Structure formats: structure tokens, C-alpha cells
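Descriptive structure summary
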Amino acid sequence: MAAAQMNTELATWLRELDDEFLTAWANRGLLRRGRKLAESLPATPAATTCTIGPDECTATLDGHQQTLQVPGGFEQLSCSCPAAVACHHLIAFLLYLQKQAASVVNDPAEAETGPPPWLSDDLTALEKQLGKSYYKRAQQLLLQAPEIELDDTAGALLAKVTDNEQYSVRIPRSLGVRAATCSCKAERCVHKALAVLAARQQAGLYDPLADLNEALSSAQYDVVEQLQDWLRELVGQGSAGLSRALLERGEALVTVAKQADFPLLASLLSGLLERLNDELAGRSFLQMEQLRSRLAPLWGRLKALRQTPLPQSLQSLAGTHKRHYRLVQELELLVIGAEAWQSAAGFCGLSLHCYAPASGEWYRHTQARSLQQAEASDWSPQQCWQHESWGGQRFYNLPLRRICVRRGWQSRDNQLSGRDGTLIESDHTIVSETALPLSTDFARLRAEYARTMQGDPLLPPGPQAVVLKIARTEAPVFDSVNQVWSQPLYDAAGQPLPARLLLANAATAAMQKRLDRLWRQGKHWDVCFGWLSLRGTELQLHPVSLRCVGEGKWIQLSL
Amino acid sequence: MSDTLQHWLDSWEQCLDLWLECGAATPSPQARQRLQDWAELSASAGWHEVQALAAVLLDNSAAATAKADALLDLLSWQQCTRRIIEANQLQTG
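Our subject in this report is the structure included herewith. If you're wondering where the values come from, they're calculated on a predicted model, not measured in any experiment.

Helix length check: helix α1 (residues 3-22) of chain B, at 20 residues, gives a terminal C-alpha distance of 29 Å against a target of 28 Å (1.5 Å per residue), a fit within 8%. Looking at the buried residues of α1(B), the elements they touch are α9 (218-237) and α12 (288-305) of chain A together with α2 (29-44) and α4 (64-91) of chain B. Where α1(B) terminates, the next one or two residues include B:G23, which has phi positive at roughly 95°.

Residue and element names in this part refer to chain B. At a closest axis distance of 8 Å, the pairing of helix α3 (residues 48-58) and α4 adopts a crossing angle of 145°. For the element pair α3 and α4, the recorded crossing hand is left-handed. Only A66, K67, A70, L71, D73, L74 and W77 of α4 make contact with α3, whose side of the interface consists of V50, L53, A54, V56 and L57. Considering only residue class, the contact of α3 with α4 consists of 10 nonpolar, no polar and 2 charged.

In this section: the sheet that holds strand β1 (residues 51-52) of chain A. Residue and element names in this part refer to chain A. Spatially, 4 strands are ordered β1-β2-β3-β4 in an open sheet, and the strand pairing comes out antiparallel. If you trace the sheet from one side to the other, it starts and ends with β1 and β4 (77-79), each paired once. Here β1 runs beside strand β2 (residues 56-61); their pairing, made up of 2 bridges, is antiparallel. Residue pairing for β2: I52 is matched across the bridge by C57.

Residue and element names in this part refer to chain A. Taking 1.5 Å per residue as the helical rise, helix α10 (residues 244-259) with its 16 residues ought to reach 22 Å, and the 23 Å between its terminal C-alpha atoms agrees with that figure. Buried within α10 are the following residues: G250, L253 and A257. The buried residues of α10 all sit within an arc of 60° when viewed along its axis, so they share a single face. Turned more than 90 degrees from where α10 packs its buried face, R244, A245, E248, E251, A252, T255 and Q259 sit exposed. In the core, the buried residues of α10 are packed alongside α9 and α11 (263-281). At the C-terminal side of α10, D261 shows a positive phi close to 70°.

Conventions used here
- The residue numbers shown here count from 1 along each chain, following its written sequence.
- Here the convention is simple: chains get letters from A, ligands get numbers from 1, in the order in which they are written.
- Predicted model: local features are reported for residues with pLDDT of at least 70 only, side-chain atom pairs are reported and counted for 80 or more only, and whole-chain, interface and lining totals are derived from all residues.
- Starting at the N terminus, helices and strands are each numbered in turn, a helix being any DSSP run of H or I of at least four residues and a strand any DSSP run of E of at least two.
- Here the expected span of a helix is defined as 1.5 Å times the quantity of residues minus one.
- Two residues qualify as being in contact provided that their C-beta atoms, derived from the backbone, are within 7 Å of each other.
- The angle between two axes is taken between their N-to-C directions and runs from 0 to 180 degrees, where each axis is a line fitted to C-alpha atoms and a helix contributes only its stretch in contact.
- Crossing handedness: left-handed means the near helix sits turned counterclockwise from the far one by under a right angle, and right-handed means the same turn made clockwise.
- Under the scheme applied here, ten amino acids are nonpolar (Ala, Val, Leu, Ile, Met, Phe, Trp, Tyr, Cys and Pro), four are charged (Asp, Glu, Lys and Arg), and all others, including Gly, are polar.
- Two strands qualify as a pair provided that DSSP identifies no fewer than 2 bridges between them.
- As a rule, residues whose C-beta atom has 12 or fewer other C-beta atoms within 10 Å are exposed, those with 20 or more are buried, and those in between are partly exposed; C-beta atoms are placed from the backbone.
- Working note: the arc is built from the helix axis to C-beta atom directions.

Given below as C-alpha cells:
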């Protein structure tokens, strides 16, 4: 059969196959090999082993037979080679057929004027193509307000679906779901089903509440109810009537919440219990502000989880497990600062803070030990800084370097692990000031921080990394009553922002001495990396590293 | 922030602290009186949602669960209001 007689639906699909589409189905390596093989094939069907028939297209490449059932789609492809799904033979076969499809002219009378396949009236067929179990799962997930970005382009429906990780779905207009791809690589998956249902919902063709009326599983509702009952009992008897039994039940609920995939609720409850335990054991006097600020976000989230559909995504209400690491490759970073720290919970560590210019996100790598472990093994953050390495690079060499994580592991909260197999390369040149994510306007910083606060008024934002350009500093002040050291900083417009250190341990005391010495030597801050946080209604900076006016070298304050 | 708003927010906070300490099930006479005063202040300022929650807490015939829910809701409202005001203050410098 001549190429001109190729099934027009198949020809349209073949023409839609660009590099991105083929990579989403296979991978870049297979695409490269497949293209090389395709380029070696003769240009005309008569001179190749390829046949284009009314029901199927076939070829024999490298001694293996390839088949594509009409009207096409990745699910209709097969190759006799040992590869499980995609192989470079099939890529070459598709690229060859694509060349033939270029000469096929669509009959204008057959041109699609109806709705795209994902908005088809035949919902039963769509459900079957997506897979019934995935379809049902997607129906429930849609009630959990997942983050789905849809882009209805001329050739396909493109969707970015966030479900712990972000997945990219592409559903071609020609063949629809049967030729769809997802970055999870599964033939059928919940992400494709979510993309279709979200598109239908957007078009007014699907009502998530029509088939289901509960966003969570019954086990999850049970946990929400247990947590609510516990809080009711707590505020019913008041802090004056605290009992050991109530707190023990609370501890058990922390585990229950984690198991129900509610890590944020578990963490909020754990923080609350820590304060209540201290109060009951007489270790510290319970400040009501601490109780209020921990109870409110927990109660607010539990009430939101009772609503259907959820008012915010399940991830933002209940959190996601952060310690699930996934492979990351070719991640370009600027290492901005290094920090030795000690926590109130009895840990010490060394953290490297990195900035990704491509995404504007912050990453960190941490080496930490419990204080007992550190003492027993003669480990310290300073010793780690001097003698240890990450992915083949010495820690002390990394600040202000441009690095590439060739291969590493990343958690959802951008923690980079140090596990074996991590490979980091550095070009050993110092990052220039122009490459830094400099904040020069302190009023704007305050406004941005305020907007983050307004986004979730029940849960104050955590510390935010920032690199400040400082125009002027004033003499440091030490508040001996509260053990707080501070130094006023100003931007070029004269807007103030105080740098503060709470002298809670030896590490911060050493930082204070270093900063005081700089002031006595007449050295003024020029650029500083640190953490922004709120104290009352004032924004403050916890400094980590800085560079003084007229000096090229950065000082890592805690090292 | 105006003095009136500051006073209303502060007295709301003090009220909640008294109730969180003695518990919604067994409020002290002082806690009840403070809440009564604050509820009247809220009603005159047009904050009927929070006034209704206070009324549940002050209702002797209300169920223990309803009272606990009302106290926790009042607390959530208060924390939200304070944070939004703080954010506005931060934004306006």
C-alpha cells in the first residue's frame, strides 16, 4: 500500500510525534539510537522491509520484527526484540512511518470538527481506555483538590499533575487516551485519568460530586475524627486538668496520623504534645501563646479535611512525607553558604545551602548527629567541614562555587542526601555577585513575606533563605536579659532590617564574638546570606555568611 | 492598628487563655464574665460569627462537644485575625 493511502487518523498521530512526545514514551538515549537507525533506512517503502497496510504497518529492523496496529498509538506497537516496552527499533520504525505520513493529505471532509477525544460523549469507552481502577482513583483524588495545570494546545492536551511529585501527561488530539503518555512511564496511570477528568470538569462535563461525596478514605476520616475528639477532650478539661493518660493517647495518635499519610498533622500534634509534656513534667511553664499557636492550625486543618471537595489540596492540608528521596540528575546549583548548628532537640550538624538559578528554589545538604553520637565518635560539624566531602567535593571548597549534581537524591523539601553514588562536579571558579539572587529592597522583602503569611494565616511561614545587599550597618547591641544580639542593617533606600542571634548555644555565642570583632575592626557588611523570620510584627535576619565591603572573601560565621 | 481593634484583639486573647486553662467543660466565673463582656464588644463591632460561637460557650445547656468545637473555632478565628493583621502591619512597614 502506498503511503498516500495511509489511514489518515494514523498519519495525523504520526505527524504529532515530536521529540518531546517520543522521549516521554521512551527516553533520550533510545530516541538518539532510533533516529540513527531511521536515518540509515532507504527513503522509499519499496526499498525497505517496511509495509503500510490497511490494518497494520510492519517492518524488520536489525533482524527484529516491528508491528503497528492501525489506527496507531503506543499501546498498538510491538517489537520482537527482548526490550520490555520501548526500544530503538520501534523509535526508528515510528520515525520512518512519520516520514511517509508527511505525504498523506487529510481529506478536509474528514477533518475533525467534534470535541477532542478527552471530552468525548462516550464516557464508558474513555473509562475503559484509562483503566477502571485508575479512573475510580482519579475520581476520588479530584475531590482532594490536587494541583493540575492544563494546557489545551492545537495538537494535544498537556497536563502537569502533582501527586507527591509532578508528572507530565500528554494526550494527542488525534488518537486520544490510547496514545497518551505520562512521565511516570506507565501504560495506564492515575495521572492520565486525572488529566482527562480535570479537563472534563473545566469544560463543565464532569461534576466530581456526582459520583462520590467523600474526598478521603473511610480510614482517613476515622483518623480525622480521632484527632478531633482528642482536641475536644483537651480543651474540655483545659491545661489545668492535663492528665498523663490524655497525653499518652495523643502520642499514639501521632503515629496513627503518620500512618494515615497525614505527616503535617502528626508534626503539629507532636509539637503541641512536646509543650504539654513539659508542662505536666514541670520542666517549663506553659505559655498560652504556645498552646494557641499549635492548637489553631491543627484544628483548622482537621475541619478543612471534613469538607468535600477539600478547600485546598490534600498535600497542603495534611503534608507530604518529606524523607522520600528520588533520583536527581544534572542539577545546577550555586553553593551560597555553610552553617554549623545545634538544635534544642539534641542534634548538631553542618548544612550547605544552595540556590538553583533555573528554578529559583533553595536546596540544602546536611550532615547531622545526635549530640551523644557526635561526642562518642569524636565528630563535630567543624571537623566535618574541614575533612569530609559530599559527592567527591570537600565541604570547605564548596561555598560560592557553581556545582552540578550529576547524580544525587532529593527529598520533596529539597534536601539533598549524601548517599553513596552521589556525584558532584565543581568548576572551582568563585560565583560573581551578579549571579547571586540578591535582594536589594527590604520593603519589598517585607511585603513578600506578608503575602506568604496571608496565604495561610493559621500556619506562620518557616525561615526563608535570602541573600541581602546591605548599604549600611550600625553598631551591634546585646540584650543580656533575653540573650539576644542584634545589629541594624539598611538597604540603599534606608529601609531597616535587624540581624539577630539568639544566644542559645556555643555555636551562636561564637558567631556573636566574630560579628562583634568585625565591627570593632571597622568592617561593614556588604552582602549577607541568612534566614528571614518574624519576631512579633518585625522581620529579622539570622545571618549565616557574609562578605564585608572591599573584601572578596566570604566569612562562614559558624565555621 | 486602631486602639479599639487592639483592645478587642487583646481581650479576645486573654479570654481564650482563661478558657483554655480551666477548660470549656468547667469554666471559672471569671472566664465566663470575660467572655460575656468580649461577646458584647464583638456584637457591637458587627462580628456576629464570633459572637455566636461565644454564645454556645456561655450556654449551660450546650453539649460538651459543641462547647469544645466552639472554643476551638474561636481560637482559630482569633489566630487567623491576628496573623492577617500582623501581615498587614508588616506590609505597610
